[in-house]
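Residue-level structural notes
Next come the chains, spelled out residue by residue.
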Amino acid sequence: MPRRLSKDKRELCYPFIFEAGPSTDFEVQTDELCSSVGYALSLLEQELAEQPALLAELKPELHQVQALVYHLNGSVRGRMAVEEADLDWLKARYDHHNGFGAVTGFVLPTGSPAVMALHLCRSGAKKSIRQLVRCEEAGLTVDDRLLRLANLLTNYFFCLTVRLKQHLKLEEIPFVSKSY
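Remember, it's a predicted structure, so these values are computed and weren't measured experimentally.

**Focus: the pattern of salt bridges**
Tallied over the full model, the rule gives 10 salt bridges. Put simply, Arg163 and Glu57 hold a salt bridge, and the shortest N to O gap is 2.9 Å. With a gap of 106 residues between them, Arg163 in helix H5 (residues 144-167) and Glu57 in helix H2 (residues 52-74) connect regions that are remote in the sequence. Look at Arg163 and you get buried, because its relative accessible area is 9%. A cluster of three or more residues bridged by salt bridges with shared partners is formed by Glu57, Glu61, Arg93 and Arg163.

**Observations concerning the environment of His63**
Considering the arrangement of structural elements, one finds His63 in helix H2. The class of His63 is partly exposed, set by a relative accessible area of 40%. Separated by 22 residues in sequence, His63 and Leu41 place their C-alpha atoms 8.6 Å apart.

**A closer look at the nonpolar core**
Ranked by size, the top nonpolar core spans 41 residues in total, and within it Leu132, Leu153, Phe157 and Leu164 carry the most contacts. For this core, the secondary-structure elements that each account for two or more residues are helix H1 (22-47), H2, helix H3 (84-98), helix H4 (113-137) and H5. Leaving out residues up to four positions away in the same chain, Phe157 has contacts with Leu33, Val37, Val65, Leu118, Cys121, Arg122 and Ala125.

**Notes on a nonpolar patch on the surface**
There is a patch of nonpolar side chains on the surface, built from Leu5, Ile17, Phe18 and Val28 and spanning about 320 Å² of accessible area. On the secondary structure map, Phe18 appears in the segment before H1. Residue class for Phe18 comes out partly exposed when judged on its relative accessible area of 47%.

Cut-offs used in this document
- Residues numbered from 1 in each chain as written.
- Predicted model: local features only at pLDDT ≥ 70, side-chain atom pairs only at ≥ 80, totals over all residues.
- Heavy atoms only, no water.
- Salt bridge = Lys/Arg side-chain N within 4 Å of Asp/Glu carboxyl O.
- Helix = DSSP H or I, 4+ residues; strand = E, 2+ residues; numbered from the N terminus.
- Buried < 20%, exposed > 50% of the residue type's maximum accessible area, 1.4 Å probe, protein only.
- Core = buried A, V, L, I, M, F, W, Y, C linked by side-chain atoms within 4.5 Å.
- Contact = heavy atoms within 4.5 Å.
- Patch = residues over 30% accessible without salt bridge, like charges linked within 9 Å, V, L, I, M, F, W, Y side chains within 5 Å.
- Areas by Shrake-Rupley, 256 points an atom, 1.4 Å probe, with all protein chains shown as cover.

These figures capture arrangement, not role.
Here it is in structure tokens:
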């Protein structure tokens, strides 16, 4: 028997919270991702306080990334809110940050608190991809742009960690897998 929603708004955090379908898990997970981006930004504000130019570049960019994550969030259950222009913008930001130096091969996710928060964003974006796959498996329509955006977000966050580690003069630690 499905749970009934409380009529007291203070006792309900989200109208779909008791739904069994994967779209709810996707929305909860992308909400966490958006909060993680905000957390990373708060750490960047502390770590880059003495480097206002880079902070001035990243702050509005990460706010825009948060908006993209929330557009991703509602686009399975609701109206499609991700446009090709959004993907183009994020690709341009990826290319910009990648221009400061790319990593070849695997590295351990290490760094300052802000860099680590961005690594968690990268991991959260991967979880979003997996949740989208589950939505498709359950018969929900998942527009290709959503999968492309979630993959792009994953790569963008990694690229940003590389740039910040170089900026902060932090070493990348290579990882050589014994499995692959």
